[in-house]
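Understanding the architecture of this molecule
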Amino acid sequence: MTLTLEQFNAAPADDAAALLEGIYEHSPWIAEAALVQRPFRSLAHLKHAMARVVHNAGDQAQLALINAHPELAGKAMVSKSLTAESTNEQNKAGLTSCSPEELEKIQTLNAAYNAKFGFPFILAVRGPRGAGLSRQEIIATFERRLAHHPDFERGEALRNIHRIGELRLNDKFSVEPRLGHQVWDWQEQLSAFSDPGYLEKGQLTVTYLTEAHRSAARMIEQTMRDCGFDEVVTDAVGNVVGRYRASTPGAKTLMTGSHYDTVRNGGKYDGRLGIFTPMACVAELSRQGKRLPFDFEVIAFAEEEGQRYKATFLGSGALIGQFNPAWLDQQDADGISMREAMQHAGLPGALEAIAGLQRKPSDYLGFVEVHIEQGPVLNELDIPLGIVTSINGGVRYLCEVVGMASHAGTTPMDRRRDAAVAVAELALYVEQRAARDGDSVGTIGILNVPGGSINVVPGCCQFTLDLRAPNDAQRDAMVSDVLAELRAICERRGVRHTAEETMRAAAAPSAPAWQQRWERAVDSLGVPLYRMPSGAGHDAMKLHEMMPQAMLFVRGQNSGLSHNPLESTTSDDTQLAVEAFQFFLNNLAAAT
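Throughout what follows, the structure given in this document is the object of discussion. (Residues numbered from 1 in each chain as written. Predicted model: local features only at pLDDT ≥ 70, side-chain atom pairs only at ≥ 80, totals over all residues. Heavy atoms only, no water.)

1. Some remarks on the overall build of the protein chain
Across its full length, the protein chain holds 22 helices and 16 strands. A compact globule built from 592 residues would reach a C-alpha radius of gyration of about 25 Å, and the protein chain, at 26 Å, matches this within 12%. Seen along its three principal axes, the alpha-carbon backbone of the protein chain occupies a region of about 75 × 75 × 45 Å. A burial count over the protein chain gives 54% of its 592 residues as buried. The long-range share in the protein chain, meaning contacts at least 24 apart out of those at least 6 apart in sequence, stands at 77%. Counting every atom, the protein chain has about 24800 Å² of accessible surface; 52% of that belongs to carbon and sulfur. When the 56 positive and 72 negative side-chain charges of the protein chain are each reduced to one mean point, those points stand 1 Å apart. (Helix = DSSP H or I, 4+ residues; strand = E, 2+ residues; numbered from the N terminus. Rg over C-alpha atoms; globule rule 2.2 N^0.38 Å. Buried < 20%, exposed > 50% of the residue type's maximum accessible area, 1.4 Å probe, protein only. Contact = heavy atoms within 4.5 Å. Areas by Shrake-Rupley, 256 points an atom, 1.4 Å probe, with all protein chains shown as cover. Lys, Arg positive; Asp, Glu negative; His and termini not counted. Charge placed at Lys NZ, Arg CZ, Asp CG, Glu CD.)

Following this line, the structure appears as structure tokens:
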């Protein structure tokens, strides 16, 4: 018989605790402590409650929990003394059928891991979709995590324990994240397309209007048609636009979407999660024969990252009339102009056609975007979804400090005019100044000593500055302080500097009413509301200039790594994002 949440909430305390036996390995205290929060509003609420019990339990209890888990493919598996839950998981990952070489490799890793950390390696071997990681993936993860700092690795162990518990709860309550699986599968299918030079290495790189980019667009087009969109087109800049028509003609439109291009050797979810999540909503609406009182426009933006050409936010910018004609004459690393690339892709490459993409604000209700967080915050808090309060405004500079190159052996320390040390001092100041605000960030991402030599005091240091904050006033105050500190450092050290501003983007605060709609949607799922700024830029920044916008973040795995092959999320968290979007659409429909 399938266990329901209603039955669980109504069960006597001892019976309810027994129902949760085995969710956390040999640690019934977690369920017992969480039960005081009954009734649970959802299974997600129960999952979070149990994770918070562990978080609040303290170091000793957390270590005891970690140590309660068996080694992967260890002695307990060999002797068949694993719990039923662990046996099922290690079976699904094929660990019970390791080759002798694989078993020897894993046991060697187990010994090295225990020697370094003092507790067993914990991995949710059923993986982000719940179907099981391959043995190769398990071994690669094992080797990667051996390099972690002990404090960080302890957190990773706990996060994997929570994922194991989540999957066991799904089994207990016979819950399958069907729509989350669908979105996850679409992203896997789209990741098959990658630019030459990266595809052969198993890396994901999709840059504007390459063959991989065009193949990705064709797959999105076909998937939109399969979902039941009424109209699907690729526009003059390569955006794939799907429209699900309203119940009555002439209605206004809600726009959503994100980008399908990637950074070089990037992840599968950046941008793409925000395309496929609303597509899953349309598929469900179409399957049920339902219409909304507004048109629903889902756009896969062609170019956001600016990797092939210097044309960041090209796809979304074109919709608000911000296409720079000079971009057409830009050439990529192979000397191919953007105009030529467009024509080769079957796009007109004409300014008139691009200008015709500009939308009328009066036709739209607003713009919303779902995006993977691209950071560690939600992951560390054990919270699956985050409400974006503002997209940070940013300023970038290309800078240079010029001192005097001199002999490293004969120039006394108090006679040096070392350009690199001046920049190093500034880097420490940037770190301190950004931290002072609490939610500002500052980065010197590139440092270069042209013609540097091991035995020469650096006479020149070129570097970049990237300064961001949730609002423009806070950002500008930080910029003023950093540039003033750069001047002071250079004057004190007898060097000179230049600072050329190369980018300035205004902050994009979420429209209060639209942010509140996301909050109501997340609250309906029974998970905590967590409000946070977005440190990264998004297509929503461009649409913000024309219409109200608000974003929803989805927790990332692997400590939220993004712009990285390790970028990941689970089908369970994606399921929650789809359900939140469905609630959002229904709530907006009721108010329209």
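And the narrative resumes.
2. Observations concerning helix α19 (residues 472-493)
Over its 22 residues, α19 runs 31 Å from end to end, which matches the ideal 32 Å to within 8%, given 1.5 Å per residue. The set of residues buried in α19 consists of R475, M478, V479, V482, L483, L486, I489 and C490. The buried residues of α19 occupy one face: seen down the axis, they fall within an arc of 130 degrees. For α19, exposure combined with an orientation more than 90 degrees from the buried face picks out A473, E491 and R492. The inward-facing, buried residues of α19 contact β7 (393-402), α18 (419-437), β9 (441-443), β12 (460-469) and β13 (496-505). At the N-terminal boundary of α19, the capping side chain belongs to N471, with an oxygen 3.3 Å from the backbone nitrogen of A473. (Expected span 1.5 Å × (residues − 1). Arc of directions from axis to C-beta. Polar contact = N/O pair within 3.5 Å; in protein donor to acceptor, adjacent residues only side chain to side chain.)

3. A word on the packing of aromatic side chains
Taken as a whole and assessed by the stated rule, the structure comprises 16 aromatic pairs. Judged by centre distance (5.9 Å) and plane angle (80 degrees), the rings of F8 and F173 are edge-to-face. Within this pair, whereas F8 is found in helix α1 (residues 5-10), its partner F173 is found in the loop between α10 (150-172) and α11 (178-190), the two being separated by 165 residues in sequence. Residues F8 and F173 agree in their burial class; the two are buried. (Phe/Tyr/Trp six-rings, centres within 6.5 Å; stacked < 30°, edge-to-face > 60°.)

4. Brief notes about the pairing of β12
Taking burial as the measure, the 10 residues of β12 include seven buried ones, the bulk of the element. Across 10 bridges, β7 lies against β12 in antiparallel orientation. Opposite V401, over in β12, you have C461 as the bridge partner. Where β9 meets β12, three bridges bridge the pair, whose relative direction is antiparallel. Directly across from V441, in β12, lies its bridge partner R468. (Pairing = 2+ DSSP bridges.)

5. A short note on the environment of V495
As for its position among the elements, V495 is in the loop between α19 and β13. In contact with V495, other than residues within four places in its own chain, are V401, V402, G403, R417, A422 and C490.

6. What to know about the state of the cysteines
Under the counting rule described, the total for this entry stands at zero disulfides. Of all cysteine sulfurs, the one in C227 lies closest to C281, which takes part in no disulfide; the gap is 10 Å. In this structure C281 comes out as buried when scored by relative accessible area, which is 1%. C490 takes part in no disulfide bond, and the closest cysteine sulfur to it belongs to C399, at a distance of 9.6 Å. (Disulfide = S-S within 2.5 Å.)

7. Structural notes on α11
Along an α-helix, residues three or four apart share an orientation, since each turn contains 3.6 residues. Across its 13 residues, α11 extends 19 Å between first and last C-alpha, which sits within 8% of the 18 Å expected from 1.5 Å per residue. Buried within α11 are the following residues: L179, G180, H181, V183, W184, W186, Q187 and L190. The secondary structure elements touched by the buried residues of α11 are α12 (211-227), α13 (273-288) and α22 (571-591).

8. Regarding the packing of α11 against α12
Axis separation between α11 and α12 bottoms out at 10 Å; the angle between their running directions is 150 degrees. Taken as axis vectors, α11 and α12 run roughly antiparallel relative to one another. Judged by the twist between their axes, the crossing of α11 over α12 is right-handed. Contacts between α11 and α12 involve W186, Q189 and L190 on the former and, on the latter, A216, M219, I220, T223 and C227. For the contact of α11 with α12, the residue count by class is six nonpolar, two polar and no charged. (Axes fitted to C-alpha atoms, helices over the stretch in contact; angles between N-to-C directions. Parallel < 35°, antiparallel > 145°, perpendicular 65-115°, else oblique. Left-handed = near helix turned anticlockwise from the far one by under 90°. Nonpolar A, V, L, I, M, F, W, Y, C, P; charged D, E, K, R; others polar.)

9. A look at the side chain of T207
By the secondary structure assignment, T207 is in the loop between α11 and α12. Among the polar contacts listed, one links the side chain of T207 to the side chain of D195, at a separation of 2.6 Å. Those residues in contact with T207, other than ones at most four positions away along the chain, are D195, H213, T262, R264, Q307 and R308.

10. Concerning the pattern of salt bridges
In this structure the tally under the stated criterion is 41 salt bridges. Across the pair K105 and E143 runs a salt bridge whose closest N-O atoms are separated by 2.9 Å. With K105 in helix α8 (residues 100-117) and E143 in helix α9 (residues 135-145), the pair connects residues that are 38 residues apart, well separated along the chain. The partner of R493 in a salt bridge is E425, with the nearest N and O atoms 2.9 Å apart. Note that R493 is positioned in helix α19 and E425 in helix α18, a separation of 68 residues in sequence. Accessibility expressed as a relative area gives 22% for E425, which makes it partly exposed. (Salt bridge = Lys/Arg side-chain N within 4 Å of Asp/Glu carboxyl O.)

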